[in-house]
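These are the residues of each chain, in order.
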Amino acid sequence: MQPDTSLITINDNESHIVQFLKDLIIKPRVDIHRWSVITRQTPTLKIGYIGQHLTSLILGMQGVRTGARGHDIVDGTEVKSCTKVDQVDVCKDCNGRVMRTEIECPHCSSLRIGRKDDSKWLFSIRTDDELRYITEDVPRIFLLISDYPYFKTGNFSSIRFEAFEIFPQSPRMSIFNDLLSHYFVNNYLPKAGSNSKTSPMNFHPYSFQFYMCNPIKVFSCVIDNIDNENSSIVINHYVEPSVNRNSLASEDLPVQKLVKHELVRFIEDAPFDEIIRPLIIDGTTNKADLLIKIRRLKPEDWSTVIPLIDEKGKKFIPLRDIVISPQTAIYRRA
């Protein structure tokens, strides 16, 4: 998990990132939104190749001029990008398509708009060799996402970019490989074997599975007033390219990602003094009282007791058996 510093050739990274966002994100977005008012076409912010440029600036490493083929970054890093920005929304009354910038349905004038927030990273694995390549040969998975930090309040004037790293060969992140194997064995192979339509594995940002893979956040910035050329860019978190990732903490699991029986089992199974006590913020001092309290509380109130579960604690949380499609064989984790 130590980046190859000999391949870090891009310096002054934060300044480059800010200028890149101004040139390739803010200005084109302002222009396309101006035209979308006239054309009524979706002003979607595509992030594919732009994401690879941004990745190079964050990691300080160049690409290898291969486009969609070969390595994305010179050290072999695989880049996956997704954007939740400007997804096409749906009217809850007439099922018509509604642009993110519209406050009412253009088809029926309804104000009941279902705002979409379901974009995800896609992993396509079709052979044993492809599975082996991504789990054994790729040194680092770089996950880039653009979304709305204030989505739940309906504020779409701010955009956030965040980046996370997963190292498939690290024991800390072995669950990631398990998810890929699960998809390949339980989803892709049965469908391919029956000549059914196959789909890539969906890896949802900020989901239970995402946190259980112990991703390490290396970048976070927010662009406020995004549809104006006077937008402000604030980098809130940035890990320098040469920093050894072994010493960095992974993302904590928000307790609301669990269901009650999972949280109860975690409290029952994990050593209280070593694992649980450091996570408690309300002063509860023993396991029995904690279990009583959690069983009485509503899930939305769990965070008043234990807001987050760290990497040590996640080891005591059982994985979920994800069934994506009917199975012809039983998959068991090694």
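Calculation criteria
Residues numbered from 1 in each chain as written. Predicted model: local features only at pLDDT ≥ 70, side-chain atom pairs only at ≥ 80, totals over all residues. Heavy atoms only, no water. pLDDT = per-residue confidence, 0-100. Contact = heavy atoms within 4.5 Å. Axes fitted to C-alpha atoms, helices over the stretch in contact; angles between N-to-C directions. Helix = DSSP H or I, 4+ residues; strand = E, 2+ residues; numbered from the N terminus. Parallel < 35°, antiparallel > 145°, perpendicular 65-115°, else oblique. Nonpolar A, V, L, I, M, F, W, Y, C, P; charged D, E, K, R; others polar. Core = buried A, V, L, I, M, F, W, Y, C linked by side-chain atoms within 4.5 Å. Buried < 20%, exposed > 50% of the residue type's maximum accessible area, 1.4 Å probe, protein only.

What about the confidence of the model for the protein?
Okay, so step 1: With 92% of its residues at a pLDDT of at least 70, the protein reaches an overall mean of 90.
Okay, so step 2: Under a pLDDT of 50 for its full length, residues 323-334 has, in the predicted model, 19 contacts with residues more than four places off or in other chains.

What to know about the packing of helix H3 (residues 128-137) against helix H4 (residues 174-193)
Okay, so step 1: Look at H3 against H4: their axes get within 10 Å of each other, and the N-to-C directions meet at 170°. By the angle class used here, H3 and H4 are roughly antiparallel. On the side of H3, the interface is formed by Asp128, Leu131, Ile134 and Thr135, while H4 contributes Asn177, Leu180, Ser181 and Phe184.
Okay, so step 2: The residue inventory of the contact of H3 with H4, partitioned by class, reads 4 nonpolar, 3 polar and 1 charged.

Let's talk about the nonpolar core
Okay, so step 1: The biggest cluster of nonpolar side chains holds 84 residues, and the ones touching the most others in it are Leu21, Phe123, Phe203 and Phe266.
Okay, so step 2: Take this core: its biggest share by element is 7 residues, from H4.
Okay, so step 3: Apart from residues lying up to four places away in sequence, Phe123 is in contact with Lys80, Ile134, Ile141, Leu143, Phe176, Leu180, Tyr183, Pro200, Met201 and Phe203.

Points about the environment of Asp301
Okay, so step 1: Position of Asp301 among the secondary structure elements: in the loop between helix H8 (287-296) and strand S12 (308-309).
Okay, so step 2: For Asp301, a relative accessible area of 31% corresponds to the partly exposed category.

Notes on unusual backbone geometry
Okay, so step 1: A positive phi angle, near 60°, is found at Asp86, a position not held by glycine.
Okay, so step 2: Its location among the elements puts Asp86 in the loop between strand S1 (78-83) and strand S2 (89-91).
Okay, so step 3: We note that Tyr206 has phi near 60°; this positive angle belongs to a residue other than glycine.
Okay, so step 4: Looking at where Tyr206 falls in the secondary structure, it is placed in the loop between strand S8 (201-203) and helix H5 (208-212).
Okay, so step 5: A residue is classified by how much of its surface remains accessible, and Tyr206, at 16% relative accessible area, is buried.

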